[in-house]
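# Summary of the model geometry
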Amino acid sequence: MVPHLITALTGPTNELEQRVLDSMPAIERWFRLEWMEHTPPFYTSVDIRNAGFKLAPVDTNLYPDGWNNLTPEMLPLAVQAAMAAIEKICPEAKNLLVIPENQTRNTFYLSNVVQLQRIFHMAGLNVRVGSINPDIKQPTRVDLPNGESVVLEPVVRSKRRLGLKDFDPCTILLNNDLSAGPPGILEDLHEQYLLPPLHAGWSVRRKSRHFQSYEEVAKRFGKMLGIDPWLINPMFNRCGELDFNEPAGMDCLTTNVDALLTKVRKKYKEYGINEKPFVIVKADNGAYGTGIMTVRDVKDLEDFSRKTRSKVGDGPRVTEAIIQEGVLTAERINEAVAEPVVYMMDRYVVGGFYRVHAERGEDENLNAPGAHFVPLAFAESTRLPQPGQKPGASAPNRFYMYGVIGRLAMLAASYELEATDPDAETY
């Protein structure tokens, strides 16, 4: 079940892996104390890049889809975590309403909805799927290629509650990232638990805010472990008033790209890394592979400005961008470039997979059409390394590392949600 990997197991990551394994009791205690102070997001997936000399998260999703990529062996872990999460929020819960994205023709996405339905059904809940798509006016069955099916039912809103015609849920699980903003039908629900909350959606979230929180987490974790936080943290800059049609907007981008490339070059020199540094410029909000461009030199931006100008009319206008340190991926599956994606529910790692893309390079965004998925061997090893094994020699070591990085990103998301909570008490 463990895919064949070609990984650069030399240099700092090897040392980092050993340090993490040796410090496992301290790490688990550190997380335990953090979760006493902070509430984990309900569920999270984290894209991780392993450069061989650096291991870092590059994206954190608070409305993860792709649950159908987890293997049957991972299901018990997900069910157990779902039980813990629901018990904490609404112990008396018996009905759960799942609100998916509005895409009714994407059968791959709907297979993910079926898997979520299965997980929460096995956790002891009656689960139904309520669509906020105005085109769904009556219960609509969609048959999926694997022989399964899902029934999408139109939601019904009363003054204070949301449900279905004959179904009153205590808890509503959003699997819709609200990129277009929170629809009114989901607002002002005073007597139901909405998971995750509306301010976790992309109309409020900013990647730069998340990575600012992650930087704080990485510094504290690095201090506890006695490591340079850069080994687990992608540096970033932000452009807040971007307009690809105006010189001032491009000046902001050029200045920030140049500054970040200079910082990365300095780090590479410090660690004797001979690779060419690069940065990724992407929209500061939004999901689904919104990587705009890989930039290795500020000169690339002239070409970028021209190309982007012609594309701006096609999709949502990008006015805020994050410039993120690019992290190479040294993982390969059958010669194709791969990156691990770690799935968590409540505070637990429940599984994951490799996102593999045969037509992309080691310095490119893999979350793009043409990607396929290979399960990660989290089944036996979830977060349990094999002590005494040489780093990299046993699969669980690698996957324990991925679980630690995934949980650090999840903790950063917890900080981020606390900072943007509109209902938080201020003193």
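Structural data are supplied above this passage.
Residues numbered from 1 in each chain as written. Predicted model: local features only at pLDDT ≥ 70, side-chain atom pairs only at ≥ 80, totals over all residues. Heavy atoms only, no water.

## Section: the side chain of N176
One can find N176 in the loop between β9 (171-175) and β10 (193-195). N176 has contacts with Y63, I99, P100, E101, N102 and I132, leaving out every residue within four places of it along the chain. (Helix = DSSP H or I, 4+ residues; strand = E, 2+ residues; numbered from the N terminus. Contact = heavy atoms within 4.5 Å.)

## Topic: the packing of aromatic side chains
Scanning all chains against the criterion turns up 15 aromatic pairs. Here F42 and Y43 contribute two aromatic rings whose centre-to-centre distance is 5.7 Å and whose plane-to-plane angle is 65 degrees, an arrangement assigned as edge-to-face. Here F42 matches Y43 in class, with each residue buried. On the numbers, 6.0 Å between centres and 20 degrees between planes, the contact of Y43 with W67 is stacked. (Phe/Tyr/Trp six-rings, centres within 6.5 Å; stacked < 30°, edge-to-face > 60°. Buried < 20%, exposed > 50% of the residue type's maximum accessible area, 1.4 Å probe, protein only.)

## Looking at the pairing of strand β4 (residues 126-131)
Note that strand β3 (residues 95-100) and β4 share four bridges and pair parallel. Following the sheet pairing, V98 is matched in β4 by V129. Crossover handedness for the path β3 to helix α4 (residues 107-122) to β4: right-handed. Sheet topology places β4 next to strand β6 (residues 149-154); three bridges connect them, and they run parallel. Across the sheet, residue V129 finds its bridge partner in β6, namely L152. (Pairing = 2+ DSSP bridges. Right-handed = clockwise from strand over helix to strand, strands pointing away.)

## Here's the deal with the sheet that holds β3
Spatial strand order, β5-β6-β4-β3-β9-β10: six strands in an open sheet with mixed pairing. Each end of this open sheet is capped by a strand with a single partner; those strands are β5 (140-143) and β10. Adjacent strand axes in the sheet meet at a mean angle of 30 degrees when their direction is disregarded. (Axes fitted to C-alpha atoms, helices over the stretch in contact; angles between N-to-C directions.)

## Regarding α4
In a regular helix each residue adds 1.5 Å, so 16 residues correspond to 22 Å; α4 covers 22 Å between its end C-alpha atoms and thus fits that length. N-capping of α4 is provided by N106, with a side-chain oxygen placed 3.2 Å from the backbone N of F108. Immediately beyond the C-terminal end of α4, within one or two residues, lies G124, with a positive phi of roughly 95 degrees. (Expected span 1.5 Å × (residues − 1). Polar contact = N/O pair within 3.5 Å; in protein donor to acceptor, adjacent residues only side chain to side chain.)

## Focus: the side chain of S414
Inspection of the secondary structure assignment puts S414 in helix α8 (residues 395-420). Other than its neighbours up to four places away in sequence, S414 contacts W35, H38, T39, P40 and P41.

## Focus: unusual backbone geometry
A cis amide bond, omega -15 degrees, links L195 with the succeeding residue P196. The backbone of L178 shows a phi angle near 55 degrees, a positive value even though the residue is not glycine. With respect to the secondary-structure elements, L178 resides in the loop between β9 and β10. According to the relative accessible area criterion, L178 is buried, its value standing at 3%. A positive phi angle, near 50 degrees, is found at N334, a position not held by glycine. Since its relative accessible area comes to 68%, N334 is described here as exposed.

## Side note on the environment of M24
By secondary structure assignment, the location of M24 is in helix α2 (residues 24-37). Put simply, M24 and Y400 are 376 residues apart on the chain and 9.4 Å apart in space, counted from C-alpha to C-alpha.

## Concerning the pairing of β6
Sheet analysis places β5 next to β6, joined by four bridges and oriented antiparallel. Counterpart to R141 in the pairing with β6 is V151. Hairpin remark: β5 followed by β6, antiparallel, with five residues in the connecting loop; positive phi at G147, about 95 degrees.

## What about the state of the cysteines?
With the rule as written, the count across this model stands at two disulfides. In this model C90 forms its disulfide with C170; the gap between the sulfur atoms is 2.2 Å. Looking along the S-S bond of the C90-C170 disulfide, the torsion reads about 135 degrees, which is the right-handed sense. You can see C90 sitting in the loop between α3 (75-89) and β3 and its partner C170 sitting in the loop between β8 (162-163) and β9, a full 80 residues away along the chain. Look at C170 and you get buried, because its relative accessible area is 17%. Between the sulfur atoms of C239 and its disulfide mate C252 the distance is 2.2 Å. Residues C239 and C252 share a disulfide whose torsion about the S-S bond is about -130 degrees; that sign makes it left-handed. Pair noted here: C239 is in strand β11 (residues 236-239) and C252 is in helix α6 (residues 247-271), with a separation of 13 residues, a long-range link. (Disulfide = S-S within 2.5 Å.)

## So, the packing of α2 against helix α5 (residues 207-225)
Closest axis-to-axis distance for the α2/α5 pair is 11 Å, and the angle between their directions is 140 degrees. By crossing handedness, the relation of α2 to α5 is classed as right-handed. The residues of α5 that touch α2, namely those facing A26, I27, W30 and E34, are V217, R220, F221, M224 and L225. Looking at the contact of α2 with α5 residue by residue, the class counts come to seven nonpolar, no polar and two charged. (Left-handed = near helix turned anticlockwise from the far one by under 90°. Nonpolar A, V, L, I, M, F, W, Y, C, P; charged D, E, K, R; others polar.)

## Structural notes on the pattern of salt bridges
Taken as a whole, this structure holds 24 salt bridges when the rule is applied. Where E28 meets R407, a salt bridge forms, and the shortest distance between an N and an O atom there is 2.9 Å. Highlighted residues: E28 in helix α2 and R407 in helix α8, separated in sequence by 379 residues. Here R407 falls in the buried class, since its relative accessible area comes to 3%. (Salt bridge = Lys/Arg side-chain N within 4 Å of Asp/Glu carboxyl O.)

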